[in-house]
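# Fold and contact review
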Amino acid sequence: MTNVTSTVVRLKLSLLRNGLRQSGGRRTAYIASAVVVLLFAALQLLGLLALRGHEHAVSLVVLLVAVLGLGWAVMPLFFPSGDETLDPTRLVMLPLRPRPLVRALLTASLVGIGPLFTLLLLVGSAIAVAHGAAALVTGIVGVVLALLLCVALARAVAAANIRLLTSRKGRDLAVLSGLVIAVGAQVVNFGAQRLGSSGLGELDPAATVLRWVPPASAIGMADSVSEGSYGIAAAQLAISVAALVLLVVVWERSLTRLMTAPDGSTLQAAESRDRGTSTGLSRLLPAGRTGTVMERSLRYIWRDPKTKAAWVTSLAIGLIVPVFNALQGTGSLYFACFAAGMLGIQMYNQFGQDTSAFWMVAMTISSARDAYAELRARALALLVITLPYAALVVVVTTALLGDWAKLPEVLGLSLALLGAMLATGAWTSARFPYSIPQEGHKNVAPGQAGLAWIAILGGMISGALLCAPVIALTIWLNVAAGGDAYTWLLLPVGAAYGTAITLLGLRLAAPHTANHLPEILTAVSKG
Amino acid sequence: MTSVRVRGLWKRFGQQVAVAGIDLDLPSGKFIGLVGPNGAGKTTTLSMVTGLLRPDQGSVEVVGHDVWRDPVEVKARIGVLPEGLRLFERLSGRELLAYSGRLRGLPGAEVDKRATQLLDVLDLAGAQHKLVVDYSTGMRKKIGLAAALLHNPEVLFLDEPFEGVDPVSAQTIRGVLERYTASGATVVFSSHVMELVESLCDWVAVMAAGRIRAHGTLDEVRGDHPTLQRAFLDLVGATGRDTATDLDWLGGGR
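Model, not experiment: these values are computed from the prediction.

Moving on to the overall build of chain A. Check the secondary structure of chain A and you find 24 helices and zero strands. When burial is assessed residue by residue, chain A has 40% of its 527 residues classed as buried. Restricting the contact set of chain A to residue pairs at least 6 apart, pairs at least 24 apart contribute 82%.

Below, the structure written as structure tokens:
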């Protein structure tokens, strides 16, 4: 029975090979990503080697290993289907004892690009901080420990959440994964730029904590040995080993439970919690169609993974672009209008966001007035979030740049832009609806990509054009002699213009919506 | 009295003719079955009758009002449970009913009262706070039916209401529909399960290849045939197919 390990490792290799044999595209993608990952790892390795002897090397290394560990912990949550041997429920029918199985699965997890990448980085980290023979030996132990910690962490997290990951909630979570990576990349990018300008010393405070946190502690101990602090090194070793043992025990526990307990996810709950019928939200909203539609729109922002992903992207980018530009000292306050623009995009393709459930809306719209109420309520739901958020971004950016005199005009411009986006959004929602597939990462159904591009790009350009009067006024007041004294006027003017143009957009969109309900339903029901 | 009046209804999808000229008068206060094999055009017809799909030609009147010219009168009087379209699945069952009822302009308190009763009768009270996306097929049909009944429509259109529904849920749905028609309302539903149609309906229209092959009371359509199934197979021209000569190797042991 000791052959369980080799069997599972061979299973993993076969799965990998068969997966690649399936299609040429997949093979190319795999090889390309392997090459890129390895090149990247090699570059990192070289960088880490160059760092050897640097005064703050250990801070960077410890942080790097901690981030690596974090990556391993969240990876299975976002890519649950990445590894079939990762799913222990597939092995449920086999007569296996938990302990050999844990050993086998742990070994099998060490096969692949991810572990190889991690290994290269860990080796580089250890070399960067280890000085002297004793430290090198500790470093080797540290690398092995850290790698096992990473892999065990991923396995333990996956096993503990496997029911979640194979359920609807898990698939919802996966939709958000791309987003976390995109926003994370922005933050890392910004952090790297800061480090480049002010030096690695900035990391020291973080590193003093992180060097005690596994898996960073395993590499931290090589540094401790180099410094001659053997006591600290021993403590770090103890923490790392204890963490590994703990992870394996937790993993084994959840594995045993998974393989012996039945899957209860399809069972019906006998009795559900009793909740009040009206939430706090609905009491604050106006009565009638307006409040009803607003409530559903706001609920969907939180509950529908696609809508949520779109919103979080808009909110994050709308904040990141102006604020980071301001932080780098290169930004202009006018960048703050970006937030209004990004959030206004959410008004686009309103009915596509409903999917084919739009029929429920269509059944209740029988006149242009109904359609107007529907669209206005959706715009209001958007404004509940957008209005304070856009104002917040403008204020934060102003505070960072210290240019309070320009606050009214930028806020006015933002409001005008938001109004223009809502107006064009409502109009394109009625004219160019398209489907948003609910599964996977695609946001446009096949054959409708052109339509989506026309709607969004055309809408944004016309949105910018619609703002032209307010922009022209801003330029004129800034250029004209003595105009500066009146720039505060742009705030009321922008607000009034934004409101007027939104109402106009809704008025124009409503009759078309009411007259083309079946056509819109057909357009949003694909996929 | 007629509840639904269809004249010269046509619909093409590219080369394919889905509905090829339907004329139909559905009596009111009856339990009406629209039967036909898969692809006969039942869903297309019901979509056009309820205003969810625009016909190429023809007119539809529901309780005396034209569906396309007078949607205000029609939409308030009909309830629909379509097939193959989603609900707002990220709402819980109760929230879906609250949304649907208020969207139709009913007062909030009345909506909540009706929703509670419908959830009870349809045996969904235990799952009322669960998101519809986590409902089973039978539960989805039931919550869809509840949403269609909430505003007490005069005519109810149900597309395959029993498809994929377990026997217990089917019996519940049946009970609710029978009580509803007993009060004088009209139910129009499509199905390809003849036994079901035979046991539920007073009035039947048989559809095949986009046309109405027969319509009338159950007895009229059944004629001399012992069951509706036989009559139906005869009408759609499927009885002539003899399976005896083919597949003669199949069965009977070695």
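Further notes follow.
Moving on, we get to the interface of chain B and chain A. Quite often, the size of an interface is put as the accessible area lost when its parts meet. Contacts between chain B and chain A engage 28 residues on the former and 30 residues on the latter. Sorting the residues of the side of chain B that touches chain A by element identifies α2 (71–77), α3 (93–103) and α4 (108–121) of chain B as the ones contributing at least two each. Of the residues forming the side of chain B that touches chain A, the biggest block, five residues, is contributed by α3(B).

Turning to the nonpolar core, a few remarks are in order. Ranked by internal contacts, the top residues of the largest apolar core, which has 149 residues, are A426(A), A146(B) and V206(B). It is helix α20 (residues 407–431) of chain A that contributes the most residues to this core, 15 residues altogether. Counting 54 residues, the second largest nonpolar core, distinct from the first, contains A66(A), A108(A), A146(A) and A154(A).

The subject of this paragraph is the sheet that holds strand β1 (residues 2–13) of chain B. All names here are of chain B. Ordered by their spatial adjacency, four strands build an open sheet running β2-β1-β4-β5, and the pairing between neighbours is antiparallel. The sheet terminates laterally at β2 (16–27) and β5 (65–66), the two strands that pair on one side only. Relative to strand β4 (residues 57–62), β1 runs antiparallel, the two sharing five bridges. When the bridges of β4 are listed, R7 appears paired with S59. Against the sheet, helix α1 (residues 42–49) engages β1, β2 and β4, with an angle of about 120° to β1.

Residues and elements named next belong to chain A. Put simply, helix α19 (residues 368–401) and α20 touch, their axes get as near as 10 Å, and they point 155° apart. Classed by the angle they form, the pair α19 and α20 counts as roughly antiparallel. The crossing of α19 and α20 is right-handed. Here L375, A379, L382, T386, A390, A391, V394 and T398 of α19 lie close against α20, whose contacting residues are L407, V410, L411, S414, L418, L422 and A426.

Turning our eyes to something else, we now look at the sheet that holds strand β3 (residues 31–35) of chain B. All names here are of chain B. If you trace the six strands from one edge of the open sheet to the other, you get β6-β7-β8-β3-β9-β10, paired in mixed fashion. Both outer strands of the open sheet, β6 (78–81) and β10 (211–217), are each paired with one neighbouring strand and no more. The sheet shows a mean angle of 15° between the axes of neighbouring strands, taken without regard to direction. Set on the sheet, α1 makes contact with β3, β7 (155–159), β8 (186–191) and β9 (203–208); between it and β7 the angle comes to about 150°.

With that settled, the discussion passes to the domain arrangement of chain A. Along its sequence, chain A is organised into domain 1 (2–261) and domain 2 (283–524). Placing the centre of domain 1 of chain A and that of domain 2 of chain A at their C-alpha centroids yields a distance of 41 Å.

In this section: unusual backbone geometry. Here the residue pair P214(A) and P215(A) is connected by a cis peptide bond, since its omega of 0° sits within 30 degrees of zero. One non-glycine residue, T355(A), lies in positive phi territory at about 55°. Topologically, T355(A) is positioned in the loop between α17 (350–353) and α18 (358–362). For T355(A), a count of 23 C-beta atoms within 10 Å puts it in the buried group. The backbone phi angle of E160(B) is positive, close to 50°, even though this residue is not glycine. Mapped onto the secondary structure, E160(B) falls in the loop between β7 and α6 (167–182).

Residues and elements named next belong to chain A. The interhelical angle for the contact between helix α22 (residues 468–479) and helix α23 (residues 490–515), taken along N-to-C directions, is 170°, at an axis separation of 10 Å. Between α22 and α23, the interaxial angle falls into the category roughly antiparallel. For the pair α22 and α23, contact is made by P469, V470, L473, T474 and L477 and by L490, V493, G494 and Y497, respectively.

A word on helix α5 (residues 137–149) of chain B. Residue and element names in this part refer to chain B. Spanning 13 residues, α5 covers 18 Å between terminal C-alpha atoms, matching the ideal 18 Å at 1.5 Å per step. Counting buried positions along α5 gives twelve out of 13 residues, so the element sits mostly inside the fold. When α5 is considered as a whole, its buried residues turn out to be G138, M139, R140, K141, K142, I143, G144, L145, A146, A147, A148 and L149. The inward-facing, buried residues of α5 contact β6, α3, α4, β7 and α6.

Our next topic: helix α24 (residues 517–524) of chain A. All names here are of chain A. When we look at burial in α24, the residues that qualify are L517, I520, L521, A523 and V524. On an axial view of α24, the arc spanned by its buried residues comes to 165°, and they lie on one face. Those residues of α24 that are buried lie in contact with α17, α18 and α23.

All names here are of chain B. Alternating positions in β6 separate into two faces, I78 and V80 on one and G79 and L81 on the other, with burial throughout. Pairing of β6 with β7, which is carried by four bridges, proceeds in the parallel orientation. Following the sheet pairing, G79 is matched in β7 by L156.

What follows deals with the pairing of β1(B). Residue and element names in this part refer to chain B. As defined by bridge partners, β1 adjoins β2 across nine bridges and the pair is classed as antiparallel. When the sheet's bridge partners are listed, T2 is paired in β2 with P27. Here β1 folds back onto β2, and the loop between the two strands holds two residues, one of which, G14, carries a positive phi near 65°.

Conventions and cut-offs
- Residues numbered from 1 in each chain as written.
- Chains lettered and ligands numbered in written order.
- Predicted model: local features only at pLDDT ≥ 70, side-chain atom pairs only at ≥ 80, totals over all residues.
- Helix = DSSP H or I, 4+ residues; strand = E, 2+ residues; numbered from the N terminus.
- Buried ≥ 20, exposed ≤ 12 C-beta atoms within 10 Å, placed from the backbone.
- Contact = placed C-beta atoms within 7 Å.
- Core = buried A, V, L, I, M, F, W, Y, C linked by C-beta atoms within 7 Å.
- Pairing = 2+ DSSP bridges.
- Axes fitted to C-alpha atoms, helices over the stretch in contact; angles between N-to-C directions.
- Parallel < 35°, antiparallel > 145°, perpendicular 65-115°, else oblique.
- Left-handed = near helix turned anticlockwise from the far one by under 90°.
- Domains from an automatic or database assignment.
- Expected span 1.5 Å × (residues − 1).
- Arc of directions from axis to C-beta.

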